[in-house]
Amino acid sequence: MPDSRILNVSRDLVLSRRASQIQRLTSLLGRSFLFMVTSVSVLAVLFIIIFITRDAFPFFQIRGFREFFTSTHWFPSGNPPEFGALSIITGSALVAMGAAIVAVPLGVLAAVCLSDVLPFSLRQVAKPIIEILAAIPSVAYGFFALVIFAPALQEHGGIILTVCLWMLALPAALLAATVISDLVVAGIPTSRRPAMRGICWLTLVGGALFALVQGSGHLLDLTISSGTNALNVSIILGIMALPTVVSVSEDALQAVGRDLREGSYALGATRAETLVKTIIPAAASGIAAASILGIMRAVGETMVVWMASGNAAQIPTPWYNLLQPVRTLTATIAGDMGEADHVLGSARYHVLFAMALSLLLFSFGSNFVSEHIGRKFRSRQAGG
Amino acid sequence: MTSSTLNVARPRITLEAPAAPLPSPVDPGPADAAPETPHVQAEQFSILYGEAMAVREISMVIPDRQVTAIIGPSGCGKSTFLRAINRMNDLIPCCHTTGRLLFDGQDIHSPQIDVISLRKRVGMVFQKPNPFPKSVFDNVAYGPRLFGIRNIRTLTEIVERSLSRAALWDEVKDRLAQNALGLSGGQQQRLCIARALAVEPDVLLMDEPTSALDPKSTARIEDLIAELRGDYTIVIVTHNMQQAARVSDFTAFLYEGVLIEFGQTRKLFTNPHNKQTEDYITGRFG
Amino acid sequence: MELSTRKTLDRAFSGTGMFSICLMTASLLVILLPVFAKGIKAFVFRETIENRKMILEQFHRGDSAALDIEWESARTARQPVYDAMQAFRIELDTLEGSRRRELRSSFREVESALQSLLGPEPGSTLSPLLRNRYGQTRWDRAQVKLQQVLFREAWDYSRPGEAGTRQWIPRKQTFAGTRLEPMFDHLETKLDSMLQPRWTFYWRFLSDDSRDSHLFGGIWPEVLGTLYLTIGAMLFAVPMGVIAAIYLTEYARPGRVVQILRTCISTLAGVPSIVFGLFGLAFFINTLQVSSSKSVLAGSMTLALLILPTIIRASEEAILAVPRTYKEAALSLGSGTWNMILTVLLPAALPGILTGIVISMGRAAGETAPIIFTAAVSVGKPLTLLQTLTQPTPALPWNIYNLATEHAAVEEIRHVQFGMVLTLVVMVLILNATAIAIRARIARRMKG
Ligand SMILES: Nc1ncnc2c1ncn2[C@@H]1O[C@H](COP(=O)(O)OP(=O)(O)OP(=O)(O)O)[C@@H](O)[C@H]1O
Ligand SMILES: [Mg+2]
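Residues numbered from 1 in each chain as written. Chains lettered and ligands numbered in written order. Predicted model: local features only at pLDDT ≥ 70, side-chain atom pairs only at ≥ 80, totals over all residues. Heavy atoms only, no water.

### Considerations on the site of ligand 1
Residue and element names in this part refer to chain B.
Stage number 1. Taken together, Tyr49, Ala54, Ser74, Gly75, Cys76, Gly77, Lys78, Ser79, Thr80, Ile92, Glu208 and His239 make up the full set of residues near ligand 1.
Stage number 2. In this structure, an oxygen atom belonging to ligand 1 sits 3.3 Å away from a main-chain N or O atom of Cys76.
Stage number 3. Glu208 places a side-chain nitrogen or oxygen 3.3 Å from an oxygen atom of ligand 1.
Stage number 4. Considering ligand 1 on its own, with 630 Å² of exposed area, one finds that the protein chains cover 59% of that surface.
Stage number 5. Tallied by class, residues from the shell around ligand 1 come to four nonpolar, six polar and two charged. (Near = heavy atom within 4 Å. Polar contact = N/O pair within 3.5 Å; in protein donor to acceptor, adjacent residues only side chain to side chain. Areas by Shrake-Rupley, 256 points an atom, 1.4 Å probe, with all protein chains shown as cover. Nonpolar A, V, L, I, M, F, W, Y, C, P; charged D, E, K, R; others polar.)

### Considerations on the side chain of Thr200 of chain C
Stage number 1. Within the secondary structure, Thr200 of chain C sits in strand E4 (residues 198–201).
Stage number 2. When sequence neighbours within four positions are dropped, the list of residues in contact with Thr200 of chain C reads Phe43, Val44, Phe45 and Glu47 of chain C. (Helix = DSSP H or I, 4+ residues; strand = E, 2+ residues; numbered from the N terminus. Contact = heavy atoms within 4.5 Å.)

### Some points on the layout of surface pockets
Stage number 1. Within this model, the second largest pocket holds a volume of roughly 1700 Å³.
Stage number 2. Asp90 and Leu91 of chain B together with Tyr251, Arg253 and Thr337 of chain C are the residues nearest the centre of the second largest pocket, which is lined by 42 residues in total.
Stage number 3. The biggest single contributor to the lining of the second largest pocket is helix H1 (residues 17–63) of chain A, with seven residues.
Stage number 4. By residue class, the composition of the lining of the second largest pocket is 20 nonpolar, nine polar and 13 charged. (1 Å grid on protein atoms, 1.4 Å probe; cavity = no way out; pocket = protein on both sides within 12 Å on 5 of 7 lines; lining within 4 Å. Points joined across faces, edges and corners; volume = space filled by probe spheres on them.)

### Focus: the interface of chain B and chain C
Stage number 1. Tallying the contact residues gives 24 residues for chain B and 17 residues for chain C.
Stage number 2. Here chain B and chain C share an interface that buries about 1800 Å² over both sides, 66% of which is from carbon and sulfur atoms.
Stage number 3. Applying the counting rule to chain B against chain C returns one salt bridge.
Stage number 4. Across the contact surface, chain B and chain C share four residue pairs in polar contact (both at pLDDT 80 or more). (Buried area = accessible area lost by both parts, 1.4 Å probe. Salt bridge = Lys/Arg side-chain N within 4 Å of Asp/Glu carboxyl O.)

### Quick word on the packing of helix H8 (residues 220–251) of chain C against helix H13 (residues 337–366) of chain C
All names here are of chain C.
Stage number 1. For the pair H8 and H13, the least separation of the axes is 9 Å and the interaxial angle reads 140 degrees. Taken together, the axis directions place H8 and H13 in an arrangement best described as oblique. Here H8 and H13 pass one another in a crossing that is right-handed. Mapping the contact onto sequence places Thr226, Thr230, Ala233, Met234, Val238, Val242, Ile246, Glu250 and Tyr251 in H8 and Thr337, Trp338, Met340, Ile341, Leu345, Leu346, Ile353, Ile357, Ser360, Met361, Ala364 and Ala365 in H13.
Stage number 2. In terms of residue class, the contact of H8 with H13 is made up of 16 nonpolar, four polar and one charged. (Axes fitted to C-alpha atoms, helices over the stretch in contact; angles between N-to-C directions. Parallel < 35°, antiparallel > 145°, perpendicular 65-115°, else oblique. Left-handed = near helix turned anticlockwise from the far one by under 90°.)

### What to know about the interface of chain A and chain C
Stage number 1. Counting from both sides, the interface comprises 86 residues of chain A and, opposite them, 79 residues of chain C.
Stage number 2. Across the interface of chain A and chain C, roughly 7300 Å² is buried in total on both sides, 80% from carbon and sulfur atoms.
Stage number 3. For the interface between chain A and chain C, the tally reads two salt bridges.
Stage number 4. Between Arg6 of chain C and Glu273 of chain A there is a salt bridge whose closest N-O contact spans 2.8 Å.
Stage number 5. Scanning the region where chain A abuts chain C turns up eight residue pairs in polar contact (both at pLDDT 80 or more).
Stage number 6. Among the residues forming the side of chain A that touches chain C, the class breakdown is 63 nonpolar, eleven polar and twelve charged.

### Quick notes on the packing of helix H6 (residues 185–197) of chain B against helix H7 (residues 215–228) of chain B
Residues and elements named next belong to chain B.
Stage number 1. Their axes nearest at 9 Å, the elements H6 and H7 cross at an angle of 20 degrees. One element, H6, and the other, H7, form an angle in the roughly parallel class. As H6 runs across H7, the sense of the crossing is right-handed. Facing H6, whose interface residues are Gly186, Gln189, Arg190, Ile193 and Leu197, H7 presents Ser217, Arg220, Ile221, Leu224 and Leu228.
Stage number 2. Classifying every residue of the contact of H6 with H7 by side-chain character gives five nonpolar, three polar and two charged.

Right under this line is the structure:
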């Protein structure tokens, strides 16, 4: 046994009954304290549901469900007031759709690029850019949309749209022409191939250019009566949703693992073929979850739509016309609460909670779906 | 033996202990090894992970102040058994035990046992060196501080003594304030030994302490184990037959959770009773 | 398909990926650059003598003797303007009926535009509104106002079926032949000496109160309010989040309860921020009555709920990243679980937890929707610590919205709006840069 002990601690292994009781009690108390603190988030979710429902319920009691979901007449301060929220719900859906059109393709491409194409050093640069995009406060995006983007869109909308069209469509057209002419000449004897390919390619590109010029002529003539419209909001919301889509889909792509990639490369596939035919399908559910999260972010966003959507409670004609102002659920809640606050208890107050409830149900629903998809994806990855 | 590098703070007791390969001057033998109360003794002791039995009804007495090696093929339950001695298996929720594992005559797994005092008296060194990301000094002083020693003089004394005991003092005495992660792997492992020694345990458990180290560091750790023999009861798990033969007085051979053979290392390695033991130590399987 | 096409497609695919990343970078720049370029003008600009006067009188800073001298020369330069106006007033009465009516209304416009450019005419009574007491304090705004004195805005609707076009009609034409006519040239050429512009670095924009609803002064109440709300939210959310993370990683046995906890946390993360605002109003203010109406306290609590999931997740990740062997080593030395958590686990996880905290601080600072109904007001004084329990506060995000959309003179205070956006964005960027730096250090330590 070591001599000259410095530590002067009891060497008894057995606790007295009292000490062990005290020990057990404190550990139980500690555990339950931790558990209680952790349950705050459960309580928060419960209370959010309870309180929003409690205040939404009187609205449906007074006005019923039909008007809210089917009428487009939104005159809450009219006499008699009307509470048809259909156009507002459509507005939310419309800008979310627009945002998805911007964010999902861009985001997935960027994620693919980040996970498989870029060298490590560039990735280290790109990551913070995405983080900063995610960090910029929504009110700053809203301010940009209102003060800088809206006037630009109003005055030079045609030019902006034309530039976008050319930027996206020209490379796509060139690529498509290459592929199509390739497929066309596939059955022809080898000697005549190059000439045929050239002719085919030139015709296709010529046609595409003609269509593009026609299209941009139309776009340039476009007058945009107000820069605060659904298009403006969609683009900005799309940019805001990008970081979510990128980071979640990148995780999904990374989770697919090396084996699959190496297997595909070993068969002689190019990187694009590997990604498009093997990796992206394997990560599809993760990417779907990412898109849902991105759309959720766009639907739940308040400041940008409040400031830059024009806040007109109408369904655009035709419904996909993004150049018209719209109004969304979030903006209506934010904007009308100030006026409805002192008429507490009126339908005008409760209708806003009804809207919040719709938002909440939507977000629960999409959260559930994305979690479900994500879980399936993960378990499949784990299972090999 | 490199005792010349040691700055031993207290007198050695068993200086007559020869170095490798076959130590053990006296022959208490596992069966008749009941001097007063043996520190660690297993009686029909089993460990289960859920339904799966990892250790089956082991009965053995681990001799006091000797080095006991546990050998056996991978997955035979060596680590599981070792970790039971200071109840590290408590961390694994599905793990439970039957039978008795006694320490100082007390059943380690009985509910009245104070795990903290138990672990204080049964130190452990892990397979991979795992110093805390703190300074060398704080690493060694971690244990004593836990037991209420705040006085910096006392702490310094303990740290110096433990580091000397672990044959590390000369190498780190000028860098006590530096982060321990900056030491080499072998130094880190000796630091972990010093850290375990600082709480003055009676038993030292080592789970493959040299498997992550190069031959030179391994040799130093083996020397160190030989140094500590006689002061501590040491239980070491190893995959290296030569190592077991070099450093241990007694050897236990486990196979699929069953204790196949236990006896003096010299005997076990030269003249095993059991066919399986022979096959294993001659490298015919495992 | 031919090999060359496949290669082209491959390259095109990589190209589109790069393109999308470039587009993302470009949109970041397009958004941030104007904010920086224009926001900086709130801090660095050419101030006129009116600004120096205002600062001296309202904030009691500056050299009053030097100002007196400058003011004297400015007054001399302005005198001909006032003389011309005085002379014209007399002349106006002598004009015949229709011309007099036409010129009088136009003269009214000139008078008010001049007042807003140069400040009140000497000898007129002091207005209670600060905006009527001083002329233009910024040289860039003075240029705009000068334009309004020199030109009349008119809309030409002569071409039917098209939108009207804007025209600028020189007032010199309108007043041709009168005694006011020379005033316009004088004003245009001598505005320099009348306003004496000078470059200035107004860093006190951050620490000055605002006067007359942000027409003058700085944004200190908003900055302070944002700090209060952010720190308050962290005070609630950090302990709760870290404790929850400890429970989930160290204590909870996997099972149904943990499943429910995790589902709730991810659900909470998905709740739209405006719903948090409504909930804060309905629960903290109307039900719990933590304060009788909006207050910093209620706002902080609402924000805390909003960032709780982020903090829990970040802390959980950080704790899980701590090697298991640290834990085992501590326990094998005889440490109790709590002791192990406090002395080994949390210190090792701290950088990761800090990253999460810092990022959610940025989020709390920038969120607007949750504080609209729970904490924010448009105009207010800076609060003392005790007042935060009961009083609402202005805050950067809310006031950016408010000034950009609801203020009476939105155009006049663009620089304040941009200054606020810049301040908020820089705050958030600094927080995120800190997070990135901490993470880089963790990565380096893991390697080394
Ligand atoms: N946490 C655990 N949960 C379930 N089963 C476990 C766990 N840890 C170990 N086992 C099982 O218990 C048995 C014994 O494992 P143990 O780690 O003790 O083996 P070992 O002899 O130390 O092997 P090695 O030499 O490879 O370290 C193995 O079959 C292993 O699969
Ligand atoms: Mg093992």
